[in-house]
Amino acid sequence: AAASFTSRGDYRLAGLFQMHAPAPRAAARPLVDGCDDAVTFKSHSYSLSQAMRFAVEEINNSSALLPNVTLGYGIHDTRSEPASLHAMLRALARQGRQEVELLPTFRHYEPEAAAAIRPDSTQLALTTVAILSIFLIPEVNAAPPADKEKGSRGVMV
């Protein structure tokens, strides 16, 4: 599945937000499901994605912040590990391409995303960290883990 929301820019941020609860594991192999089910919609993650969009638009509209530079974004619904992996691979693809090319050095590597905002699910964040750190993509948390055992849903400043 493609990014839910995109905007072009000189530098692009990848927003990985779990906007739908994971589907029950019924398939024998991992699938990237569609996310049209309103029952599984997570408004908190959607709000975080909209906050990211707003912040990027405010930065782009300011002449004092990042003059002559435009930020873009690709916001992805990381509903499950397969969807999260797909979103990470899209962020890692070189600009203008659809495949992730492993180069002998990271010196000339230009991924689609300059940085990533990782999911607030601990399990999905572990997968994200393991893959994006290999490619030296900086990551930030949009919020503390929202897993049931944590219970916290506040936004970190």
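Everything here concerns the structure above.
In short, a report on the structure. Predicted model, so just to flag it, every value in this text is computed and none were measured. (Residues numbered from 1 in each chain as written. Predicted model: local features only at pLDDT ≥ 70, side-chain atom pairs only at ≥ 80, totals over all residues. Heavy atoms only, no water.)

Further remarks concern the pairing of strand β4 (residues 115-118). When strand β2 (residues 11-17) meets β4, the two strands line up parallel, connected through three bridges. Bridging across to β4, G15 finds its partner in I117. Pairing analysis gives three bridges linking β4 to strand β5 (residues 139-141), with the strands arranged parallel. Residue pairing for β5: R118 is matched across the bridge by N141. Crossover connection from β4 via helix α3 (residues 122-132) to parallel β5: handedness right-handed. (Pairing = 2+ DSSP bridges. Helix = DSSP H or I, 4+ residues; strand = E, 2+ residues; numbered from the N terminus. Right-handed = clockwise from strand over helix to strand, strands pointing away.)

With that out of the way, let us pick up the side chain of T128. The residue T128 is located in helix α3 in this model. Those residues in contact with T128, other than ones at most four positions away along the chain, are L16, S84, M88, R118, P119, S133 and E139. (Contact = heavy atoms within 4.5 Å.)

Attention now moves to the side chain of Q18. On the secondary structure map, Q18 appears in the loop between β2 and α1 (43-61). Not counting residues within four places of it along the chain, the set of residues in contact with Q18 comprises K42, S45, D77, T78, R79, S121 and L124.

Moving on, we get to the nonpolar core. Counting residues in hydrophobic clusters, the biggest one holds 12 residues: A14, L16, A87, M88, A91, L92, Y109, A113, A116, L132, F135 and I137. Going through the elements one at a time, β2 and α2 (81-92) are the ones with two or more residues in this core. When residues in this core are grouped by element, the largest group, four residues, is from α2. Those residues in contact with I137 that lie beyond four places of it in its chain are L92, P111, A113, A114, A115, A116 and L132. Core analysis: the next-biggest nonpolar cluster, separate from the first, contains 10 residues, M19, V56, L71 and I117 among them. (Core = buried A, V, L, I, M, F, W, Y, C linked by side-chain atoms within 4.5 Å. Buried < 20%, exposed > 50% of the residue type's maximum accessible area, 1.4 Å probe, protein only.)

Time to look at the packing of aromatic side chains. In the structure shown here, the tally under the stated rule is one aromatic pair. Relative to Y46, the ring of F5 has its centre 6.3 Å away and its plane inclined at 55°; by these criteria the two rings are tilted. Of this pair, F5 sits in strand β1 (residues 5-7) while Y46 sits in helix α1, and the two are 41 residues apart along the sequence. You can call F5 partly exposed: its relative accessible area is 24%. Since its relative accessible area comes to 31%, Y46 is described here as partly exposed. Above the plane of the ring of F5 lies R53, whose end atom (NZ or CZ) is 4.8 Å from the centre. (Phe/Tyr/Trp six-rings, centres within 6.5 Å; stacked < 30°, edge-to-face > 60°. Lys NZ or Arg CZ within 6 Å of the ring centre and 35° of its normal.)

Among all positions of α3, only L124, A125, T127, T128 and L132 are buried. Down the axis of α3, the buried set is contained in an arc of 160°. They therefore lie on one face. (Arc of directions from axis to C-beta.)

All right, on to the pairing of strand β3 (residues 71-77) then. Burial runs high along β3: seven of the seven residues are buried. Residues L71, Y73, I75 and D77 point to one face of β3 and G72, G74 and H76 to the other, with burial holding for every one of them. Bridge analysis of β1 against β3 gives three bridges, and the strand direction is antiparallel. The partner of T6 across the bridge, within β3, is G74. Direction of pairing for β2 relative to β3: parallel, over a ladder of seven bridges. Among the inter-strand pairings, R12 is bridged to a residue of β3, identified as G72.

On to the pattern of salt bridges, then. Enumeration according to the criterion identifies two salt bridges in this entry. One salt bridge connects R118 with E139, and the closest N-O pair in it is separated by 3.8 Å. With R118 in strand β4 and E139 in strand β5, the pair connects residues that are 21 residues apart, well separated along the chain. E139 sits in the buried class, given a relative accessible area of 19%. (Salt bridge = Lys/Arg side-chain N within 4 Å of Asp/Glu carboxyl O.)

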